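# Close look at the chain arrangement
Below are the chains, spelled out letter by letter.
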Amino acid sequence: MDPKEKAVLDNMNTRFSCRRYKQIPVEKEKLDAVIDVAKHAASGHNLQAWHFTVITTEEGKKELLDAVGPEPEQFKKLAPKGATWPFPNDFFGAPVVIMISYDPNAPWPEAGVFLAAGNMMNAANALGLGTCCLTVFSNDVFRTEETAAKKAEFIPEGYELYVSMVLGYPESYPAKRPERKDDVVSWL
Ligand SMILES: Cc1cc2nc3c(=O)[nH]c(=O)nc-3n(C[C@H](O)[C@H](O)[C@H](O)COP(=O)(O)O)c2cc1C
């Protein structure tokens, strides 16, 4: 394989969910590059029915935590059985949180936002940055009575939050990557 082609594939294969970050900011140029790659993702009818809310300040992150509450019900509800994740109330120490929302009236909007999210994670890895999606800061967040009122602070009118992603320079790397299943392909 051509070394340049291999480098692209290696980048995708080395992306990992980073759960500890260095306490240093991410350059605006790199954030712009990550968002630009997101905007190049495929989307149903090319409607690009996504929106990215980029939080880079401590105040912004605190506002999001306040909106969500200390340990929301949906965190317990959505965590897989036996999960030992702590509620990530410090966003794993990440300097940046990106909330990805979508227009629910667009065709297959969730698929588009997740293609955009995948692009962002791979681009971030190529730029030496780590990422991790956070289930707890996803679509259920603004659906309770107390939190619904806060939604407009973060998400454009008519949009729904799909998922949030933390991003920054990795402080630590997993000793071992999670295993990948082999029996997920059929050839006809
Ligand atoms: C939609 C989605 C939600 C996720 N939510 C969380 C989360 O709330 N907390 C967490 O620590 N990791 C979360 N992850 C990361 C997964 O646990 C991780 O992708 C998986 O274990 C595979 O590991 P890897 O990303 O390092 O390859 C999420 C990933 C996705 C795609």
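The paragraphs below set out a description of the structure included in this document. What you see is a predicted model, and the numbers here were worked out from it, not measured in a lab.

Let's shift gears to the overall build of the chain. A tally of helices and strands in the chain yields six helices and four strands. Traced from its N-terminal end to its C-terminal end, the chain shows the element sequence α-α-β-α-α-β-α-β-α-β. The globule rule puts the C-alpha radius of gyration for 188 residues at 16 Å, and the 17 Å found for the chain is close to it. In terms of overall dimensions, the chain has C-alpha extents of about 55 × 40 × 40 Å along its principal axes. For the chain, buried positions account for 41% of its 188 residues. Restricting the contact set of the chain to residue pairs at least 6 apart, pairs at least 24 apart contribute 83%. Counting every atom, the chain has about 11400 Å² of accessible surface; 55% of that belongs to carbon and sulfur.

A separate point is the nonpolar core. The nonpolar side chains of a soluble globular protein tend to be buried with one another. Counting 26 residues, the largest nonpolar core has Leu64, Phe91, Met99, Phe137, Phe142, Phe154 and Val166 as the members making the most contacts within it. Those elements that provide at least two residues to this core are α3 (58-68), β2 (96-102), β3 (130-134) and β4 (160-168). Here this core takes four residues from α3, the largest share from any one element. The residues touching Leu64, leaving out its near neighbours within four places in the chain, are Ile55, Phe91, Val97, Met99, Phe137, Phe142 and Phe154. One finds Ile98, Ala117, Met121 and Val163 within the second-largest nonpolar core, a separate group that totals 24 residues.

So, on to the environment of Asn89. Note that Asn89 resides in the loop between α4 (73-78) and β2. According to the relative accessible area criterion, Asn89 is partly exposed, its value standing at 47%. Counting along the chain gives 22 residues from Asn89 to Ala67, while the straight-line C-alpha distance between them is 12 Å.

In this section: the environment of Asp182. Relative to the assigned elements, Asp182 resides in the segment after β4. Given a relative accessible area of 75%, Asp182 falls into the exposed group. Residues Asp182 and Phe142, spaced 40 residues apart in sequence, show a C-alpha to C-alpha distance of 37 Å.

Pairing within the open sheet is antiparallel, and its four strands lie in the order β1-β2-β4-β3. On the outer flanks of this sheet lie β1 (50-55) and β3, each paired with one strand and no other. On average, adjacent strands in this sheet sit at an angle of 25° to one another, irrespective of strand direction. Examined bridge by bridge, β2 and β4 share seven bridges and lie antiparallel to one another. Across the sheet, Ser101 pairs through a bridge with Leu161, a residue of β4. Sitting on the sheet, helix α2 (residues 28-39) touches β1, β2 and β4, and the angle it makes with β1 is about 165°.

Bringing the pattern of salt bridges into the picture now. Following the criterion strictly, the structure yields seven salt bridges and no others. Of the charged contacts in the structure, one is a salt bridge between Asp32 and Lys28, with a shortest N-O distance of 2.9 Å. Of this pair, Asp32 and Lys28 both sit in helix α2, four residues apart, which is roughly one turn of the helix. On the basis of relative accessibility, which here comes to 40%, the residue Asp32 falls in the partly exposed class. The exposed category is assigned to Lys28, whose relative accessible area is 57%. Among the ionic pairs, Lys61 bridges to Glu58, the shortest N-O distance being 2.9 Å. Highlighted residues: Lys61 and Glu58, both in helix α3, separated by three residues, approximately one helical turn. The exposure class assigned to Glu58 is exposed, which follows from its relative accessible area of 55%.

The rules behind the values
Residues numbered from 1 in each chain as written. Predicted model: local features only at pLDDT ≥ 70, side-chain atom pairs only at ≥ 80, totals over all residues. Heavy atoms only, no water. Helix = DSSP H or I, 4+ residues; strand = E, 2+ residues; numbered from the N terminus. Rg over C-alpha atoms; globule rule 2.2 N^0.38 Å. Buried < 20%, exposed > 50% of the residue type's maximum accessible area, 1.4 Å probe, protein only. Contact = heavy atoms within 4.5 Å. Areas by Shrake-Rupley, 256 points an atom, 1.4 Å probe, with all protein chains shown as cover. Core = buried A, V, L, I, M, F, W, Y, C linked by side-chain atoms within 4.5 Å. Pairing = 2+ DSSP bridges. Axes fitted to C-alpha atoms, helices over the stretch in contact; angles between N-to-C directions. Salt bridge = Lys/Arg side-chain N within 4 Å of Asp/Glu carboxyl O.

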